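# Chains, contacts and geometry: an overview
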Amino acid sequence: MAEPMLQLRGLTKRFGGLTAVDRVDLEVYPGEVVGLLGDNGAGKSTLIKMVSGVYHPDGGQIFFQGREIRLGSPMDALELGIETLYQDLALAENLNVYANIFLGRERTKPFLGLIRVLDHANMHEESEKVLKRLEIEIPSLKSQIKHLSGGQRQAVAIGRSIYWNAKLLIMDEPTAALGVQEQRKVLDLVRVLASQNIPIIVISHQLYDIFSVTDRLVIMRRGRKVAERRTKDTTPDEVVGLIIGSEEVAQQPAGGPPAD
Amino acid sequence: MEANLKQKTTVLQRILGMRDFGVLVAALLIAAFFSIATPVFLTGYNLFNLLRQTAQLGIIAMAMTVLIVSGEFDLSVGAIYAVTGVVTGLLATKAGLNIWASALVGVVAGLGLGFLNGLLIATTRINSFIATLSTMMVFRGIALVLSQAQPFSLQLSFFMDLFGRAELFGVVPVPIVWLLGWGVALYLVLHRTAFGVKVFASGDNREAADLAGIKTMRVKQVGFLITALAAGLSAIISLSFLKTVTPTQGTGLELEAIAASVIGGTAMSGGVGSILGTFLGTLIMAEVRTGLVLLGTDAYVQDAFVGLVIALAVIINVRLSTKKK
Ligand SMILES: Nc1ncnc2c1ncn2[C@@H]1O[C@H](COP(=O)(O)OP(=O)(O)OP(=O)(O)O)[C@@H](O)[C@H]1O
Ligand SMILES: [Mg+2]
């Protein structure tokens, strides 16, 4: 059995009196797409923000590639290869496409032997490559983000997260702000990435999306993980029942790596 | 993903579309108007004089642009300018210290105040407009207490030649050289370095910048150091040229700096602005002031005119940015 890429043990996060995430265990194996489901406020975003270094857990442990990690800031997670696509599109509107792809990790070159200046040509070229790899069309990489459509923006955000050779990709509602065409495009992207063996955690409220791209489902309710299913062994009806809590909570351990 | 963007703009179209270009056209039009209205305007003497007078404001305004782009303001620059001058004057006259050492301590004191501004905002997370409004009053109080509200007169020296009185090649007043040198340095920092991108990102979408691993608070703190350094340099130029320091000097300079920045196309909401634009914005303010003086209008009318220019610039900026959406 392969070693999990990411393993969470008893991860807990409290906001004042509210326990937003309550002792959650989770494993993600190489090449696997895991869907994280739950009603509004179930704690999905909070859980993944602990993995991406935004929040510090109040309890529990995070193991990445077999080693326990402590993340002090988003940069720590990025340096490990944990890339996250946030629910609210996290792009700088007035910066152009390639500046956003390289945001926080700009490419520079020496200038007059004194200072280092931005290497626009390099960033432009590299951005073009990564967007091509994703089969994404954006007319000009010099356009500011505010002039792009929702789908194009999401594509830039995805391009940015995979450029850095992500070892784990987390997507928080990647299709929420998009039209039907664009949603399909993003789902295609998830499949392309999975085929390149990058493990992915996808959060979504769209059951169709989840069933079409995931290998395994994890369902949360009020901060707790209430169930885990192989996608091919369950149905949308059962999953809805688990999300809203009408069904008997059978802690059936159906997890584990996808059988291949 | 439809290609609904106009592609392949020509170089000319690109230049015409640039905000800085619009500000340049405005600066030229205003210059043309005053050149016709009064023949003295377009003389070498007047133009150099205009630029020299612009130096103090321009140096501070360009630094203010960096800070505004990062999403913060510094209302205390005028007071830091006064503290730097007073500390330098005090050490050079009362303590009998060498002028170089006095000026160095003065500038470092100013930087210390800039550091305090950054620290205050980082620790309390108060809006910088309010935070620096209060430090403005505190710093101004420091300048008044240190000087006991008295002005200082300084002795002429080589130092003063170097910062205020000399003329490069016998024609260009040295403050202009400092203005341009500082402008080029800030241009490189804001528009050519990775730090500059972080400044833009911090003011544009702070959360996104934080999530991308940028330490936005650190970026803003550096911004406060840059405005304080600009205030210090500007104070040294001023005392070198005038041979005097007054504890009330630089009152209102912060608002002039913000105005010049806004006229140059800087967005008050952060994330948009340019050093060249602010340089031109400072020029426009100086042109209007000088032109009106040459036409013989009195000082109150000048202020009203500058006010109108600011309003006009803001209206044009808002129009431009909404049209593009
Ligand atoms: N920064 C915060 N401070 C205080 N409470 C928070 C914070 N972030 C989240 N919460 C609370 O924690 C709970 C879980 O929120 P979370 O955003 O993780 O839910 P979610 O499952 O992502 O929901 P959605 O599907 O609506 O995005 C909610 O009750 C929310 O109000
Ligand atoms: Mg969420």
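Here the structure is shown first, and the text comes after it.
This section reports on the structure supplied with the text. (Residues numbered from 1 in each chain as written. Chains lettered and ligands numbered in written order. Predicted model: local features only at pLDDT ≥ 70, side-chain atom pairs only at ≥ 80, totals over all residues.)

### Considering the interface of chain A and chain B
Interfaces are frequently sized by the accessible area removed from exposure as the parts join. Each partner contributes residues to the interface: chain A has 33 residues there, and chain B has 25 residues. Put simply, the parts of the chain that give the side of chain A that touches chain B at least two residues each are helix 2 (74–80), strand 8 (115–118), helix 5 (150–163) and helix 6 (180–195) of chain A. If one sorts the elements of the side of chain A that touches chain B by residue count, strand 8 of chain A sits on top with four residues. In the side of chain A that touches chain B, the residues fall into 17 nonpolar, nine polar and seven charged. (Contact = placed C-beta atoms within 7 Å. Helix = DSSP H or I, 4+ residues; strand = E, 2+ residues; numbered from the N terminus. Nonpolar A, V, L, I, M, F, W, Y, C, P; charged D, E, K, R; others polar.)

### Brief notes about the pairing of strand 1 (residues 6–15) of chain A
Residues and elements named next belong to chain A. In this structure, strand 1 lies alongside strand 4 (residues 59–64), joined through five bridges in antiparallel fashion. Its bridge partner being in strand 4, Arg 9 is matched across the sheet by Gln 61. Note: strand 1 against strand 2 (residues 18–28), seven bridges, orientation antiparallel. In the strand pairing of strand 2, Leu 11 is matched with Val 24. (Pairing = 2+ DSSP bridges.)

### A look at helix 11 (residues 216–242) of chain B
Each turn of an α-helix holds 3.6 residues, which means side chains three or four residues apart point in the same direction. The terminal C-alpha atoms of helix 11 of chain B lie 39 Å apart, and with 27 residues this matches the ideal 39 Å at 1.5 Å per residue to within 8%. Of all 27 residues that make up helix 11 of chain B, 21 are buried, and the element is covered over most of its length. (Expected span 1.5 Å × (residues − 1). Buried ≥ 20, exposed ≤ 12 C-beta atoms within 10 Å, placed from the backbone.)

### Quick look at the site of ligand 1
Residue and element names in this part refer to chain A. Of all residues adjacent to ligand 1, which total twelve residues, the nearest are Phe 15, Ala 20, Lys 44, Ser 45 and Thr 46. When residues of the shell around ligand 1 are traced back to their parent elements, those giving at least two are strand 2 and helix 1 (44–51). Residue contributions to the shell around ligand 1 peak at three residues, all from helix 1. Looking at the shell around ligand 1 residue by residue, the class counts come to four nonpolar, seven polar and one charged. (Near = placed C-beta within 6 Å.)

### Comments concerning unusual backbone geometry
Note on backbone geometry: most residues besides glycine have negative phi, and most peptide bonds are trans. Residue and element names in this part refer to chain B. Its identity as a non-glycine residue notwithstanding, Arg 125 has a phi of 60°, on the positive side. Residue position: Arg 125 is located in the loop between helix 5 (99–124) and helix 6 (128–147). Phi at Ala 149 takes a positive value of approximately 60°, unusual for a residue other than glycine. Position of Ala 149 among the secondary structure elements: in the loop between helix 6 and strand 1 (152–153). You can call Ala 149 exposed: it has 11 C-beta atoms within 10 Å.

### Overview of the nonpolar core
The biggest cluster of nonpolar side chains holds 161 residues, and the ones touching the most others in it are Val 202 and Ile 219 of chain A together with Ile 60, Ala 63 and Val 83 of chain B. Among residues more than four places away in sequence, those in contact with Ala 63 of chain B are Leu 186, Ile 226, Thr 227 and Ala 230 of chain B. (Core = buried A, V, L, I, M, F, W, Y, C linked by C-beta atoms within 7 Å.)

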